[in-house]
Amino acid sequence: MDNVNQTLVKTFTLLGLSNTPGLQLIFFLLFLLMYTTTLSGNLLLIIMVRLHSSLQTPMYFFLSNLACIDICFSSTIVPKILSNTISHNREISFLGCATQMYFHLALGAAECLILAVMAYDRYIAICKPLQYNTIIDKKLCLSLAAGSWTVSFVNSVVHAAFTFQLPYCKSNQINHYFCEMPPLFRLSCKDTWLNEIAVYISGGLIALCSFVLTLLSYVHIISTILSMNSMTGRKKAFSTCGSHLAVVSLYYGTIMFMYLRPRSLYSPNRDRVVSILYTVVTPMLNPIIYSVRNKDFTGTIKKFISFTPYY
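All values derive from a computational prediction rather than experimental measurement. (Residues numbered from 1 in each chain as written. Predicted model: local features only at pLDDT ≥ 70, side-chain atom pairs only at ≥ 80, totals over all residues. Heavy atoms only, no water.)

Thoughts on a nonpolar patch on the surface
- There is a patch of nonpolar side chains on the surface, built from Val-158, Phe-162, Trp-193, Leu-194, Ile-197, Tyr-200, Ile-201 and Leu-205 and spanning about 760 Å² of accessible area.
- Put simply, the parts of the chain that give the nonpolar patch at least two residues each are helix H6 (138-163) and helix H8 (193-226).
- Among the elements that make up the nonpolar patch, the one with the highest residue count is H8 (six residues).
- Look at Ile-197 and you get partly exposed, because its relative accessible area is 38%. (Patch = residues over 30% accessible without salt bridge, like charges linked within 9 Å, V, L, I, M, F, W, Y side chains within 5 Å. Areas by Shrake-Rupley, 256 points an atom, 1.4 Å probe, with all protein chains shown as cover. Salt bridge = Lys/Arg side-chain N within 4 Å of Asp/Glu carboxyl O. Helix = DSSP H or I, 4+ residues; strand = E, 2+ residues; numbered from the N terminus. Buried < 20%, exposed > 50% of the residue type's maximum accessible area, 1.4 Å probe, protein only.)

Some points on the side chain of Thr-13
- Note on placement: Thr-13 falls in strand E1 (residues 11-14).
- Residue classification places Thr-13 among the buried positions, given a relative accessible area of 17%.
- Here Thr-13 is in contact with Arg-90, Glu-91, Asn-172, Gln-173 and Ile-174, once residues within four sequence places are set aside. (Contact = heavy atoms within 4.5 Å.)

What about the UniProt feature "transmembrane region" (unreviewed entry) in the chain?
- As recorded in UniProt, the sites labelled "transmembrane region" (unreviewed entry) are residues 25-47, 59-82, 102-120, 140-162, 197-216, 237-260 and 272-292.
- Between the first and last C-alpha atoms of residues 59-82 the distance is 34 Å; the span itself is 100% helix and 0% strand.
- Overall, residues 197-216 shows 100% helix and 0% strand. The separation of its end C-alpha atoms is 26 Å. (UniProt positions renumbered as here; feature names shortened; annotations may be inferred.)

Let's talk about the packing of aromatic side chains
- Tallying each qualifying case throughout the model produces twelve aromatic pairs.
- Centroid distance Phe-12 to Tyr-168: 5.4 Å. Interplanar angle 90°. Geometry classified as edge-to-face. With a gap of 156 residues between them, Phe-12 in strand E1 and Tyr-168 in the loop between H6 and strand E3 (173-174) connect regions that are remote in the sequence.
- Using a relative accessible area of 1% as the deciding quantity, one classes Tyr-168 as buried.
- Ring plane angle 65° and centroid distance 5.9 Å describe the contact between Tyr-102 and Phe-153, whose orientation is recorded as edge-to-face. (Phe/Tyr/Trp six-rings, centres within 6.5 Å; stacked < 30°, edge-to-face > 60°.)

Regarding the packing of H6 against H8
- It is the contact of H6 with H8, at a shortest axis distance of 10 Å, that shows an interaxial angle of 170°. Taken together, the axis directions place H6 and H8 in an arrangement best described as roughly antiparallel. On the side of H6, the interface is formed by Val-151, Asn-155, His-159, Phe-162 and Thr-163, while H8 contributes Asn-195, Ala-198, Val-199, Ser-202 and Ile-206.
- For the contact of H6 with H8, the per-class residue count stands at five nonpolar, five polar and no charged. (Axes fitted to C-alpha atoms, helices over the stretch in contact; angles between N-to-C directions. Parallel < 35°, antiparallel > 145°, perpendicular 65-115°, else oblique. Nonpolar A, V, L, I, M, F, W, Y, C, P; charged D, E, K, R; others polar.)

Focus: the layout of surface pockets
- Looking at the second largest pocket, its volume works out to about 320 Å³.
- Around the second largest pocket sit 15 residues that line it, and Gln-56, Thr-57, Pro-58, Phe-61 and Lys-138 are the ones nearest its centre.
- For the lining of the second largest pocket, the secondary structure elements donating two or more residues are helix H2 (21-51), helix H3 (58-86) and H6.
- Per-element tally for the lining of the second largest pocket: the top contributor is H3, with five residues.
- Per-class residue counts for the lining of the second largest pocket are eight nonpolar, four polar and three charged. (1 Å grid on protein atoms, 1.4 Å probe; cavity = no way out; pocket = protein on both sides within 12 Å on 5 of 7 lines; lining within 4 Å. Points joined across faces, edges and corners; volume = space filled by probe spheres on them.)

Quick look at the structure:
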């Protein structure tokens, strides 16, 4: 009988952010604004890179990949949040939940790896400028990007398969606003230690290793910058890397807090806040941070808006 009950869960119910009508309207408008900003900002970045030859460099190639990830990452989660916020029916099918979790994990891991690749690109550009064009060629750029996407989607298959093979017999109510592993683990009537070990291994290999590689790149970058005699050169180099460091700090910090902590520290309310930072806020801020801090990009935008011929 227990086995029958365990297989009867065909839908989950996402509890969402709030049941208070006034707060629901505020959340709907806020998330709609952030989602619109995410789509428009990242699409603008991709279009500008595609249209203008001066932006078709390795750095902007990786930025375009990051923008594509952010659009897909946000689109995997935010439309469902908007729908659940204004609807009384907050159900999501078993397959829909698995699909959402699969793409969320894959795109989240891809962002980690692309951020590490971008740090490596900046390391070569600043620490080995004379060898930059030789090392960071088109073939390497394509290989690094393709490798990041492939590893992320293969890794996600493992977690999605492990998670949705679990028996769910405690409840079908997910105390979260989208399908994520920690809240799903709490609904299982089976010990999830194997799943949690898989999360720690995956998090260590992808998130933590990416963070360490990024950190090592910036240790060398900062060391090289500090050894520069020219104050103008130092300022320009720090400006180039500052935006990337801001994004890295916010994204890796929230990801590692979410997935690389003991089970005893899980808190539904705190988890929702942390998840909003890396699933909604970071994809919105990425194009803003990179475009505002980058003179090449802002110059291209100004010329495009003023319809000045671009050469």
